[in-house]
Amino acid sequence: MDFGFTEEQLIIQESFRNFCEKELSREYVRWMDEHVDFPPDELWQKFVDLGMFWGGIPVEYGGQGMAQVDGMIAFEQICKRSMSVALALGVTMGFGVRFIGELGTKEQKEKYLPLIGQGKFKTCMALTEPGGGTDILGAIKTTAEEKSDRWVISGQKVFITGAHVADSLITVCRTEKDKSRSRSLSTIMVPRETKGVTIGRIPKISCHHCDSVEIFYEDVEVPKENLLGTRGNAFYEIMTVLNPERIGVAMMGVGIIAAIYELSFKYVQERQAFGGPISRFQILQNYLADMCINLENARNITYKSAWLCDNGKPYHLEATMAKLVAAEGARHAATFGAEIFGGYGVCDEYPVSMFVRDAYQIQFSPISNEMSRNMLMQFQGLPKSWP
Ligand SMILES: Cc1cc2nc3c(=O)[nH]c(=O)nc-3n(C[C@H](O)[C@H](O)[C@H](O)COP(=O)(O)OP(=O)(O)OC[C@H]3O[C@@H](n4cnc5c(N)ncnc54)[C@H](O)[C@@H]3O)c2cc1C
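Residues numbered from 1 in each chain as written. Predicted model: local features only at pLDDT ≥ 70, side-chain atom pairs only at ≥ 80, totals over all residues.

To continue, consider the site of the ligand. Around the ligand, 24 residues are found, and the nearest of them are L127, G133, T134, F159 and S368. In terms of residue class, the shell around the ligand is made up of 10 nonpolar, 11 polar and three charged. When residues of the shell around the ligand are assigned to domains, at least three map to each of domain 2 (124–233) and domain 3 (238–378). (Near = placed C-beta within 6 Å. Nonpolar A, V, L, I, M, F, W, Y, C, P; charged D, E, K, R; others polar. Domains from an automatic or database assignment.)

Below, the discussion takes up the pairing of strand β7 (residues 212–223). Pairing analysis gives nine bridges linking strand β3 (residues 150–161) to β7, with the strands arranged antiparallel. Across the sheet, the residue bridging to I160 is V213, located in β7. Here strand β6 (residues 197–200) runs beside β7; their pairing, made up of four bridges, is antiparallel. Pairing of V197 across the sheet is with Y217, part of β7. (Pairing = 2+ DSSP bridges. Helix = DSSP H or I, 4+ residues; strand = E, 2+ residues; numbered from the N terminus.)

Right, let's get into the domain arrangement of the chain. Under the domain assignment, the chain is made up of domain 1 (7–121), domain 2 (124–233) and domain 3 (238–378). Here domain 1 and domain 2 have C-alpha centroids that lie 24 Å from each other. On the side of domain 2, 16 residues touch domain 1, which itself brings 18 residues to the contact. Those elements that provide at least two residues to the side of domain 1 that touches domain 2 are α2 (26–35) and α5 (83–103). Of all the elements, α5 adds the most residues to the side of domain 1 that touches domain 2, at nine residues. Across the side of domain 1 that touches domain 2, the residue classes break down as 13 nonpolar, three polar and two charged. (Contact = placed C-beta atoms within 7 Å.)

Right, dumping it as structure tokens:
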């Protein structure tokens, strides 16, 4: 068993670390968090110049066909600096490339994948509805009806990350009236500029520089060829996207733990109380020790999940565990990082407060911690909490 990275992987790690230190400095990230709802074009272009978007695109469409582990090595460096930027990139690289790459026709792949590679096509995944994100089959009410050569879509989605800037809203709709709930969903690409689409802002405490918004569809007409995958089978097909998403979100948790640990470790050595640095208080050392352990555990299982995925082995359970371990590690780091900083833990003066807020976004998304635990046992054969 070898836990080390190859020479090539160390180069990826080093080059992304250098890139992120320069382009995602603490000052710039803070500026974004205070002023923008999505990373600015100039930063996007720097990722384009780095070749970022070609990474996961298959070689036959001009990409690098990068392995999941290699992609995660690069992603880890971004997650440590800004979860918002990681999310903003992830909704196109994770959802766009995967949905189109796995489910698209040859024509769809030839049309869209190179555009994504060039950084000219942004996507989002519009799955969740106001009725609930956990019970997805019960909650989806958005319909797409066939009308000659078009789909006519009506309904509403909530919390859709990056939809306000996406070129295409990859929308899961109910298309079948007479089939079982799990055989009635289809995925349709909806250009954001289409008549009848409106976007509403949802103010939130986390990830300020990557908004998650609501989408209203009012008799939105798109050509029939915008169907992605096979009609009625979206519930099963989207698993090819949702399972790897858990690995990416786990890495966001790793990034949060690492950032809070780094900032807290420095702070305890600088801050003075009772005639010396607060680093000498064992209770604060214990908080840091737990962060360190959580970081190691979360990082290991996240890379293990990516490795299983790359090697064609089942990884669904590990990816779910990774998301859970990383999310709870991030929440622990947020709670105790804020304690270590005292009052400054909740003030914007120190960068730690952004990570503290962001940590809460991965507790329930893309799957809640409660449901993750349920799934882990229910896939082992215990009674299910869903029909
Ligand atoms: C900032 C943000 C970004 C997001 N980005 C996207 C996106 O890009 N695209 C997208 O489609 N969605 C997105 N989501 C939606 C996200 O996936 C959902 O919020 C998530 O699935 C939980 O759904 P819910 O919020 O409706 O909570 P609910 O499903 O209403 O759950 C509420 C509570 O009930 C618990 N619960 C529900 N069912 C069970 C059960 N069977 N057993 C035990 N407990 C249960 C949950 O664990 C939770 O604690 C985002 C959400 C947010 C807030």
